Amino acid sequence: MSRKVPIGVLLSGGGTNLQAIIDAIEQDRLDAEIRTVVSNRANAYGLTRAGNHNIPATVIDHRGHASREAYDQVLVEHLQRQGVELVVLAGFMRLLSSFFVQSFPDRIMNIHPALSPSFAGLHGQRQAVEYGVRFAGCTVHFVTEGCDEGPVIIQAVVPVRPDDTEETLAQRILVQEHRIYPHAIQLYSEGRLAIEGRKVRVTGEDGDAAGESALVNPPMPGTVR
Ligand code: GRF
């Protein structure tokens, strides 16, 4: 077992990714300890999920702060006070200031419901449906000062079906989010992630794991599914 990395989870909503992380820890698939869950919204269900597992959870409302920096300063102080090493963004609907990003250099992760660099920003799933792509997915990446554009750690791909709506595609992507986010944090915990410029090198990665076979959608006649 590797060390337990102290993490802080920031969210604004339902917290299903938080739940996946909690489950992975409880099932010994993830060597991490959630020191704090922070929401900028008092009604976020993620706070209840934390409470159900006796994880300290706090509301730090973004309203009433003089600037984005002023708010981020309060957040950073809180996270540092809890001894957080890795900040995990799990549906936190706020852009981070440079001050925040520089306070945790190479130690902030985010999950984005699209295959970066496609469809950055809000509603990645809706953007994919409207664009008409045949594959969509999700990306866990380190956070830099740009939006959804930091070095990519892991991605999962799902097909887009002809009758998909934003909601059905989001649900299919979410299943994969819950698989890859805890795994990405575990790779960090094992010290296996090295940022080299734009890229993340994963120590011990099996270069052949993805195989040589391509995915094609819609399937072609004779294609093995
Ligand atoms: C997910 O789709 C995630 O990719 C995005 O925000 C959503 C959060 O969902 N960043 P949940 O709160 O974890 O259920």
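Before reading on, note that the structure itself is shown above.
Mapped onto the secondary structure, Val 9 falls in strand 1 (residues 5-11). The exposure class assigned to Val 9 is buried, which follows from its relative accessible area of 0%. Separated by 42 residues in the primary sequence, Val 9 and Gly 51 have C-alpha atoms spaced 13 Å apart. When sequence neighbours within four positions are dropped, the list of residues in contact with Val 9 reads Leu 18, Ile 34, Thr 36, Val 37, Val 38, Val 88 and Ala 90.

Quick look at the side chain of Asn 217 now. Mapped onto the elements of the fold, Asn 217 is located in the segment after strand 9 (199-202). A residue is classified by how much of its surface remains accessible, and Asn 217, at 15% relative accessible area, is buried. Separated by 2.7 Å, the side chain of Asn 217 and the backbone oxygen of Arg 134 make a polar contact. Among all residues touching Asn 217, those that are not within four sequence positions of it are Arg 134, Phe 135, Pro 159 and Val 160.

Another point: the packing of aromatic side chains. With the rule as written, the count across this model stands at two aromatic pairs. Taken together, a centroid distance of 5.8 Å and an interplanar angle of 35° make the contact between Phe 100 and Phe 104 tilted. Here Phe 100 matches Phe 104 in class, with each residue buried.

Let's shift gears to the nonpolar core. Core analysis: the largest hydrophobic core is formed by 45 residues, its most contacted members being Ile 7, Ile 34, Met 109 and Ile 185. If you tally residues by element for this core, the top one is helix 6 (residues 166-189), at eight residues. With sequence-adjacent residues up to four places away left out, Ile 7 is seen in contact with Ile 21, Ala 32, Glu 33, Ile 34, Arg 35, Thr 36, Val 84, Leu 86, Val 88 and Ile 185.

Glancing now at the sheet that holds strand 5 (residues 108-112). Pairing is mixed across the open sheet formed by seven strands, whose spatial order is 3-2-1-4-5-6-7. Each edge of the open sheet is held by one strand with a lone partner, namely strand 3 (57-59) and strand 7 (152-159). Here the average twist between neighbouring strands, direction ignored, is 20°. The pairing of strand 6 (residues 135-142) with strand 7 spans seven bridges and is antiparallel. Note on strand 7: the bridge partner recorded for Phe 135 is Pro 159. Those strands touched by helix 1 (residues 16-26) are strand 1, strand 2 (32-39), strand 4 (86-89) and strand 5, and its axis lies near 160° from that of strand 2.

Right, let's talk about the packing of helix 1 against helix 2 (residues 45-52) for a bit. Running from N to C, helix 1 and helix 2 point in directions that differ by 15°, and their axes come no closer than 9 Å. By the angle between their directions, the pair helix 1 and helix 2 is classed as roughly parallel. Note that helix 1 runs across helix 2; the crossing there is right-handed. Contacts between helix 1 and helix 2 involve Thr 16, Leu 18, Gln 19 and Ile 22 from the first element and Gly 46, Arg 49 and Ala 50 from the second. The residue inventory of the contact of helix 1 with helix 2, partitioned by class, reads three nonpolar, three polar and one charged.

Sheet analysis places strand 8 (residues 193-196) next to strand 9, joined by four bridges and oriented antiparallel. Bridged to Ile 195 within strand 9 is Val 200. Linking strand 8 back to strand 9 in an antiparallel pair, the connection comprises two residues, with Gly 197 at a positive phi of about 65°.

Cut-offs used in this document
- Residues numbered from 1 in each chain as written.
- Predicted model: local features only at pLDDT ≥ 70, side-chain atom pairs only at ≥ 80, totals over all residues.
- Heavy atoms only, no water.
- Helix = DSSP H or I, 4+ residues; strand = E, 2+ residues; numbered from the N terminus.
- Buried < 20%, exposed > 50% of the residue type's maximum accessible area, 1.4 Å probe, protein only.
- Contact = heavy atoms within 4.5 Å.
- Polar contact = N/O pair within 3.5 Å; in protein donor to acceptor, adjacent residues only side chain to side chain.
- Phe/Tyr/Trp six-rings, centres within 6.5 Å; stacked < 30°, edge-to-face > 60°.
- Core = buried A, V, L, I, M, F, W, Y, C linked by side-chain atoms within 4.5 Å.
- Pairing = 2+ DSSP bridges.
- Axes fitted to C-alpha atoms, helices over the stretch in contact; angles between N-to-C directions.
- Parallel < 35°, antiparallel > 145°, perpendicular 65-115°, else oblique.
- Left-handed = near helix turned anticlockwise from the far one by under 90°.
- Nonpolar A, V, L, I, M, F, W, Y, C, P; charged D, E, K, R; others polar.

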